[in-house]
Each structure stands twice: as structure tokens, then as C-alpha cells.
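Commentary on secondary and tertiary structure
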Amino acid sequence: VQLQASGGGLVQAGGSLRLSCVASERTFSSYGMGWFRQAPGKEREFVAGINWAGGNTVYADSVKGRFTISRDNAKNTVYLQMNSLKPEDTAVYYCARDDRVFRPIVTMSGSDFDSWGQGTQVTVSS
């Protein structure tokens, strides 16, 4: 599967962005999806995940209450709505697909994702 992420950009602190990730295959609806990010000089970290049906979501503590992950299986798309952005949210954001079909829970481990998008840069200025 190919994943195409978009929606990144430059925004002031306190602003909002919505990231989108479109999958190339119709099997999208059978897999959980996740968003990860990597800042310069730091390791990749989990941001948010959603299970295949959209009923379960998980967030990193650093983004809880500010970010919302959702999906539209009819459009093969997963979204990340980011509000109240902070300079520390600056990173390249990647979407990824769970490697297990119909996993009921949301996994936060990067090793459980087998397909990754190309990344989209999010820069938050202070």
C-alpha cells in the first residue's frame, strides 16, 4: 500500500493544522492507522492511532486534548486535526498502517506498522 500524507506547513503557536493521509488500496478499512513524528535530533515517536473501525483511539500524553485522529474509510483517508499547536510540535509527521488486519486495539509500537507515508513537515513558530 502507498500512503500519501499532506497538510503540513508553517503555523504560529496556538494555531491549527489538519493532516491527511490517503491510502492507495481499498483494504484501508481493514487496518488500524497511526501518526508518528520525528523532530530533528530526536527519535521517532508515536502521536496518535485509530483502530480499523474507528471506534478506538489512543494519543500520546503530549498531544491529548489538542490533537484528534479520525478516519473516513469511504475515502481511504486518515486525518490528524492539530489544535493549540506548540513549538515543540515541530517535526516531520508520518502516517503508517498497522501490519495486522482487524487488530481490535490500537498499537503504539512503530514496529507494528509496515507501511509508511513520506512525511509532511509541521513547523510551529513561537
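Everything in this summary refers to the structure shown in the same document. (Residues numbered from 1 in each chain as written. Predicted model: local features only at pLDDT ≥ 70, side-chain atom pairs only at ≥ 80, totals over all residues. Heavy atoms only, no water.)

The helix and strand inventory of the protein stands at zero helices and 11 strands. In terms of overall size, the protein behaves like a compact globule, its C-alpha atoms giving a radius of gyration of 13 Å where 126 residues would be expected to give roughly 14 Å. Referenced to the eigenvectors of the C-alpha coordinate spread, the extents of the protein come out at roughly 40 × 25 × 25 Å. Out of the 126 residues belonging to the protein, those deemed buried represent 45%. (Helix = DSSP H or I, 4+ residues; strand = E, 2+ residues; numbered from the N terminus. Rg over C-alpha atoms; globule rule 2.2 N^0.38 Å. Buried < 20%, exposed > 50% of the residue type's maximum accessible area, 1.4 Å probe, protein only.)

What follows deals with the nonpolar core. The biggest cluster of nonpolar side chains holds 28 residues, and the ones touching the most others in it are W35, L80, M82 and Y93. Secondary structure elements with two or more residues in this core: β1 (3-6), β3 (17-23), β4 (31-38), β5 (45-50), β7 (67-72), β8 (77-82), β9 (91-101) and β11 (120-125). No other element matches the four residues that β3 contributes to this core. When near neighbours in sequence (up to four residues on either side) are disregarded, L80 contacts L17, R18, L19, W35, V47, A48, F67, T68, I69 and Y93. (Core = buried A, V, L, I, M, F, W, Y, C linked by side-chain atoms within 4.5 Å. Contact = heavy atoms within 4.5 Å.)

Glancing now at the sheet that holds β8. As summarised here, the arrangement of the four strands in space is β1-β3-β8-β7, forming an open sheet in which the pairing is antiparallel. Both edges of this open sheet fall to β1 and β7, since each of them pairs with a single strand only. Pairs of neighbouring strands in the sheet enclose a mean axial angle of 15°, with direction left out of account. Looking at chain direction, β7 and β8 are connected through six bridges and run antiparallel. Paired with R71 across the strands is V78, a residue of β8. (Pairing = 2+ DSSP bridges. Axes fitted to C-alpha atoms, helices over the stretch in contact; angles between N-to-C directions.)

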